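# Observations on the three-dimensional arrangement
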Amino acid sequence: MTILSKDDVQTAIDKYIDSLADGLRMLNQKSHENPELAYEEHIAHDAICDFLQSQSIQFTRHAYGLSTAFEAKVGNGNGSGRCVNFNAEYDALPGIGHACGHNLIAISSITEFLALVFAIREFGISGHAQLLGTPAEEDGGGKLDLINAGAYHMADVSLMMYGISIFLTPTGYWANKLSHPIAGEEFSTDVLGIAGRSSIACYDITAVYHGVSAHASASPWEGVNALDALVTGYNTIFMLCQQIKPDERVHGAILEAPNVTNAIPEITRTKYSIHSPTMAGTRALGERVRKYLESGTLATGCMVGFEENQIFADLVVNPPLCESFQESMAEQGERISAKDGVLMSGSTDQGNVSQLIPSLHGLIGIPVDNGAKNHTRQFTAAAGTSVAHERMIITGKAMAITGWRILVNEELYGSVLNAFTEARGDRIR
């Protein structure tokens, strides 16, 4: 294969993406102004698909049995050559909208995909680009659903980025904070983000307590109080949290509780998220959580049933991919770090993808005046700004060049594959 000049490809990509500026900005705004929850992202799904159609991209709506997933795949070579996957997230958080910036993730991934497709078509590159619309990253794990449905079976690498908070110091310099999921971690003032940082594993346990209803005043002794069971479990989980490791987390919410006072509650529901650095550690901590939740049944006589979701795996960092993206960002005039040994205390279903194929999950800063972290109203506002959007466009151009290098550079891809094999042992397909 003839190695094209990187400068020629970069110049062509930059010009092409710049020609889409208005459409990409409008697409971003539509998602930000219409936040949708997990598996309900119909506006974002339809808007992105319509935009792809306007660019003559073949795609599948409602892909792999998920109503708000889509797939677009373009390439040359009749199935030969490598396939670079990009993941677009677009779900929001209840009550506070795009406080995790998934509108930005989506626009960056769309930019990356369209830029690489343009290069493949313009320069006759052998290989494919795949864009997956991946719903429900915040709650449910759409990428896990897509993995189980075989959506990644032809992908050789997976690339995406994530937005973090940066803010202006009193002296006017940029300070970079990893606001999701690391609080208080700072880069030097001239570094915009990091290409690779591992995340921890996570899964959810939902406990449903079943009691017996009775009149709370006339005959309370005839009841079995499901609220008492939930509160007992809640208090024991609080005690458990004093005995877990510093890099582990357990946090929960009450999903169903009584809204009247004159009846003994017969059903309540609570949900806990369990985090630990590895999948095995997360499962072990989850077993402890179950036992503490069962304490409510011993105290009250209620019955309890458990529902568990699929586990979000820890993220596997691939150093050659990180270094390639770092180089691509430098060519866009932005400095980022390649990787470090810090473990993020949050989780993502991109971790499961990284266990399957070599993957990149970059972290890029957007400006937030007061340094507010992700999952706040302040970050929601920042995620809708034009400067945040422009950072995603720059990131998209750089990620596309990283994808192009994967398609045309045998030495780079060999290094990426070797790093993945070393990290995951015999898990390589």
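Residues numbered from 1 in each chain as written. Predicted model: local features only at pLDDT ≥ 70, side-chain atom pairs only at ≥ 80, totals over all residues. Heavy atoms only, no water.

With that settled, consider the overall build of the protein chain. From N to C terminus, the protein chain includes twelve helices and 13 strands. Since a compact globule built from 429 residues should have a radius of gyration of about 22 Å, the 23 Å found for the protein chain is in line with a globular shape. On the principal axes, the C-alpha backbone points of the protein chain span a range of 85 × 55 × 40 Å. A burial count over the protein chain gives 55% of its 429 residues as buried. Within the protein chain, counting contacts between residues at least 6 apart in sequence, those at least 24 apart form 78% of the total. Element-wise, carbon and sulfur atoms account for 52% of the exposed surface of the protein chain, whose accessible area totals about 17500 Å². Positive and negative side-chain charges of the protein chain, numbering 29 and 48 respectively, have mean locations separated by a distance of 3 Å. (Helix = DSSP H or I, 4+ residues; strand = E, 2+ residues; numbered from the N terminus. Rg over C-alpha atoms; globule rule 2.2 N^0.38 Å. Buried < 20%, exposed > 50% of the residue type's maximum accessible area, 1.4 Å probe, protein only. Contact = heavy atoms within 4.5 Å. Areas by Shrake-Rupley, 256 points an atom, 1.4 Å probe, with all protein chains shown as cover. Lys, Arg positive; Asp, Glu negative; His and termini not counted. Charge placed at Lys NZ, Arg CZ, Asp CG, Glu CD.)

Positive phi is not limited to glycine here, since Ser56 has a value of about 60°. Tracing the chain through its elements places Ser56 in the loop between helix 3 (42-54) and strand 1 (59-61). Look at Ser56 and you get exposed, because its relative accessible area is 56%. Phi angles above zero are rare outside glycine, and Ala136 is one such case at about 60°. Along the chain, Ala136 falls in the loop between strand 4 (127-133) and helix 5 (142-148). On the basis of relative accessibility, which here comes to 0%, the residue Ala136 falls in the buried class.

In this section: the packing of helix 6 (residues 226-240) against helix 7 (residues 279-300). Relative orientation of the contacting elements helix 6 and helix 7 amounts to 140°, with a least axis distance of 8 Å. For the element pair helix 6 / helix 7, the angle class is oblique. Here the hand of the crossing between helix 6 and helix 7 comes out right-handed. Judged by residue contacts, Asp228, Ala229, Thr232, Gly233, Thr236, Ile237 and Leu240 of helix 6 engage Arg288, Val289, Tyr292, Leu293, Ser295, Gly296, Ala299 and Thr300 from helix 7. Classifying every residue of the contact of helix 6 with helix 7 gives seven nonpolar, six polar and two charged. (Axes fitted to C-alpha atoms, helices over the stretch in contact; angles between N-to-C directions. Parallel < 35°, antiparallel > 145°, perpendicular 65-115°, else oblique. Left-handed = near helix turned anticlockwise from the far one by under 90°. Nonpolar A, V, L, I, M, F, W, Y, C, P; charged D, E, K, R; others polar.)

Turning our attention to the pattern of salt bridges. Summed over the entire model, instances satisfying the criterion amount to 18 salt bridges. A salt bridge links Lys143 to Asp349; the nearest nitrogen and oxygen atoms lie 2.8 Å apart. Of the two residues, Lys143 is situated in helix 5 and Asp349 in the loop between strand 12 (337-339) and helix 9 (350-356); the sequence distance between them amounts to 206 residues. In this structure, Lys143 and Asp349 share a single accessibility class: buried. Note that Glu256 is salt-bridged to Arg269, the shortest N-O span being 3.4 Å. (Salt bridge = Lys/Arg side-chain N within 4 Å of Asp/Glu carboxyl O.)

All told, the structure shown has two aromatic pairs when counted by the stated rule. For the ring pair Tyr16 and Phe118, a centre distance of 4.4 Å and an interplane angle of 5° mean the geometry is stacked. Of the two residues, Tyr16 is situated in helix 1 (residues 6-19) and Phe118 in helix 4 (residues 102-123); the sequence distance between them amounts to 102 residues. Neither residue differs from the other here; Tyr16 and Phe118 are each classed as buried. (Phe/Tyr/Trp six-rings, centres within 6.5 Å; stacked < 30°, edge-to-face > 60°.)

So, about the packing of helix 1 against helix 11 (residues 386-408). In contact at an axis separation of 10 Å, helix 1 and helix 11 are set at 140° when each is read in the N-to-C sense. As the angle between them shows, helix 1 and helix 11 are arranged oblique. Every pair of crossing elements has a handedness; the one defined by helix 1 and helix 11 is right-handed. In this structure, helix 1 contributes Lys6, Val9, Gln10, Ile13, Asp14, Ile17 and Asp18 to the contact, and helix 11 contributes Ile393, Lys397, Ala400, Ile401, Trp404 and Arg405. A breakdown of the residues in the contact of helix 1 with helix 11 according to their chemical character gives seven nonpolar, one polar and five charged.

Right, let's get into the side chain of Asn352. Relative to the elements of secondary structure, Asn352 occurs in helix 9. Residue Asn352 is classed as buried on the basis of its relative accessible area, which comes to 12%. Residues within four places of Asn352 in sequence aside, it is in contact with Leu144, Ile147, Ile311, Phe312 and Ala313.

What follows deals with the confidence of the model for the protein chain. Here the protein chain averages 91 in pLDDT, while 91% of its residues score no lower than 70. Throughout residues 167-188 the model reports pLDDT below 50, and contacts reaching past four residues in sequence, or to other chains, amount to 67 contacts. (pLDDT = per-residue confidence, 0-100.)

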